[in-house]
Amino acid sequence: MTMSTHRAPSWRRAATAVSALALALGAVTAATPAAAAATPPDATATPATATNATVSAGWNDYSCKPSAAHPRPVVLVHGTLGNSVDNWLALAPYLIARGYCVFSLDYGQLPGVPLFHGLGPIDKSAEQLSAYVDRVLAATGAEKADLVGHSQGGMMPRYYLKFLGGAAKVNALVGIAPDNHGTDVNGLTRLVDQIPGAKKYLESQAPGLSDQIVGSDFLNRLNEGGDTVPGVRYTVIATKYDEVVTPYKSQFLNGPNVRNVLVQDLCPTDFAEHLVIGLADRVAFHEAANALDPAHATPTTCSSR
């Protein structure tokens, strides 16, 4: 048997494992007709280029001025393989109906990969978030913003807060199913180290995925010295049925001004997993609204709407 016949099966196994890992880490959202119909606004876009789809739906409207009741704009940060439209088709209208100015960005784009974002190096994605928050604050005249993110979008902003000056511009970070301490995807990430070439392949093709694996250099730097920074309120909303960010308790943060919430403690019959908790779960949405306005928080129950 030649050398090439030995290598081919290894590379096939590596490709299969990496593909499975990418699907697991990126099980956030899929393209929908709404996203296909319009190009979502990216982090470098000017207010005038915000999509008609989102402006007509009430978010990414740069003429929106925060009210006295809700004086800070809310910036929504999508998850891996998500985008600024699809990840927020339910939560954005939910917050708009409650009187918030709501904005969303695309980040972590790879060349030639439309709609599915959050795949680039996470430290660079945090730079995109930094520029976007500056743009939102300039447009709205607000001094600070609140951030709500799903999955990677709940973890990545912590880099912005810790290393890029974001703590001076952000009042609260709400993470829905965030991979704050990485994930082992129920052990699937171990395949990356066991299969020759898989780790380098993943790092080169989708660094935003490898950065989220437990023990990555990115996560070690992010969490060194503590999970939080002074001046920011943190809320983590998790589900015990999360199959992507595992174990689910790794999502929780330690530090002052932290509230960790398990949706099943509020509604035992909530069976939302990683995808649903960010896209459609009204228990999680209600808790996010409470986190944005704790002075007027109301009890979250199974009947929350």
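A. Geometry of helix α13 (residues 282-292). Burial analysis of α13 places 10 of its 11 residues in the buried class, which makes it a mostly covered element. Listed in full, the buried residues belonging to α13 are Val-283, Ala-284, Phe-285, His-286, Glu-287, Ala-288, Ala-289, Asn-290, Ala-291 and Leu-292.

B. Representation of the state of the cysteines within the structure. The tally for this structure, following the rule as stated, stands at two disulfides. A sulfur-sulfur distance of 2.0 Å marks the disulfide that ties Cys-64 to Cys-101. Here the disulfide of Cys-64 and Cys-101 is left-handed, its torsion about the S-S bond being about -80°. Remark: Cys-101 occurs in the loop between α4 (91-96) and β2 (102-105) and Cys-64 occurs in the loop between α3 (52-57) and β1 (74-77); sequence separation between them is 37 residues.

C. The arrangement of the nonpolar core in detail. Among the nonpolar cores identified, the biggest contains 37 residues, and Val-75, Leu-129, Leu-147, Tyr-160 and Leu-161 are the most heavily contacted of them. Elements supplying a minimum of two residues to this core: β1, β2, α5 (122-140), β3 (145-150), α6 (152-163), β4 (170-176), α10 (217-223) and β5 (233-238). Sort the elements by how many residues they give to this core and α5 lands first, with eight residues. Look past the residues within four positions of Leu-147 in its chain and what remains in contact with it is Val-75, Leu-129, Val-133, Pro-157, Tyr-160, Val-170, Ala-172, Leu-173 and Val-174. Counting residues in hydrophobic clusters, the runner-up holds 27 residues, among them Val-148, Ala-177, Ile-277 and Val-283.

D. Seen up close, the sheet that holds β2. Here we have six strands laid out as an open sheet, ordered β2-β1-β3-β4-β5-β6, and parallel in their pairing. Each having just a single partner strand, β2 and β6 (258-262) make up the two edges of the open sheet. The average undirected angle you get between the axes of adjacent strands in this sheet is 20°. Taken together, the five bridges between β4 and β5 define a ladder with parallel strand orientation. The residue bridging Leu-173 from the neighbouring strand is Tyr-234, located in β5. Taken strand by strand, α5 contacts β1, β2 and β3, and its axis lies near 150° from that of β2.

E. Examining α6 more closely. Look at α6: 17 Å from first C-alpha to last across 12 residues, which is about the 16 Å you get at 1.5 Å a residue. Summarising burial for α6: 10 of the 12 residues are buried, a large majority. All of the buried residues in α6 are Gln-152, Gly-153, Gly-154, Met-155, Met-156, Pro-157, Arg-158, Tyr-159, Tyr-160 and Leu-161. In the stretch just after α6, Gly-165 is the one whose phi turns positive, near 80°.

F. How the structure looks around the pairing of β2. Side-chain alternation along β2 places Val-102 and Ser-104 on one buried face and Phe-103 and Leu-105 on a second face that is also buried. Here four bridges tie β1 to β2, and the two strands are oriented parallel to one another. In the sheet register, Val-77 faces β2, and the bridge partner there is Leu-105. The parallel pair β1 and β2 is bridged by α4, and the resulting crossover is right-handed.

G. Inspection of the environment of Val-214 at higher detail. Tracing the chain through its elements places Val-214 in the loop between α9 (207-210) and α10. According to the relative accessible area criterion, Val-214 is partly exposed, its value standing at 47%. Considered as a pair, Val-214 and Val-185 are 29 residues apart in the sequence and their alpha carbons are 9.4 Å apart. Setting aside residues up to four positions removed in sequence, Val-214 forms contacts with His-181, Gly-182, Thr-183, Asp-184 and Leu-219.

H. Representation of the side chain of Ser-304 within the structure. Looking at the element boundaries, Ser-304 is found in the segment after α13. According to the relative accessible area criterion, Ser-304 is buried, its value standing at 5%. A distance of 2.7 Å separates the side chain of Ser-304 from the side chain of His-286, its partner in a polar contact. Here Thr-301 takes part through its backbone nitrogen, which lies 2.9 Å from a polar atom of the side chain of Ser-304. Setting aside its immediate chain neighbours within four residues, Ser-304 contacts Arg-282, His-286 and Pro-299.

Conventions and cut-offs
- Residues numbered from 1 in each chain as written.
- Predicted model: local features only at pLDDT ≥ 70, side-chain atom pairs only at ≥ 80, totals over all residues.
- Heavy atoms only, no water.
- Buried < 20%, exposed > 50% of the residue type's maximum accessible area, 1.4 Å probe, protein only.
- Helix = DSSP H or I, 4+ residues; strand = E, 2+ residues; numbered from the N terminus.
- Disulfide = S-S within 2.5 Å.
- Core = buried A, V, L, I, M, F, W, Y, C linked by side-chain atoms within 4.5 Å.
- Contact = heavy atoms within 4.5 Å.
- Pairing = 2+ DSSP bridges.
- Axes fitted to C-alpha atoms, helices over the stretch in contact; angles between N-to-C directions.
- Expected span 1.5 Å × (residues − 1).
- Right-handed = clockwise from strand over helix to strand, strands pointing away.
- Polar contact = N/O pair within 3.5 Å; in protein donor to acceptor, adjacent residues only side chain to side chain.

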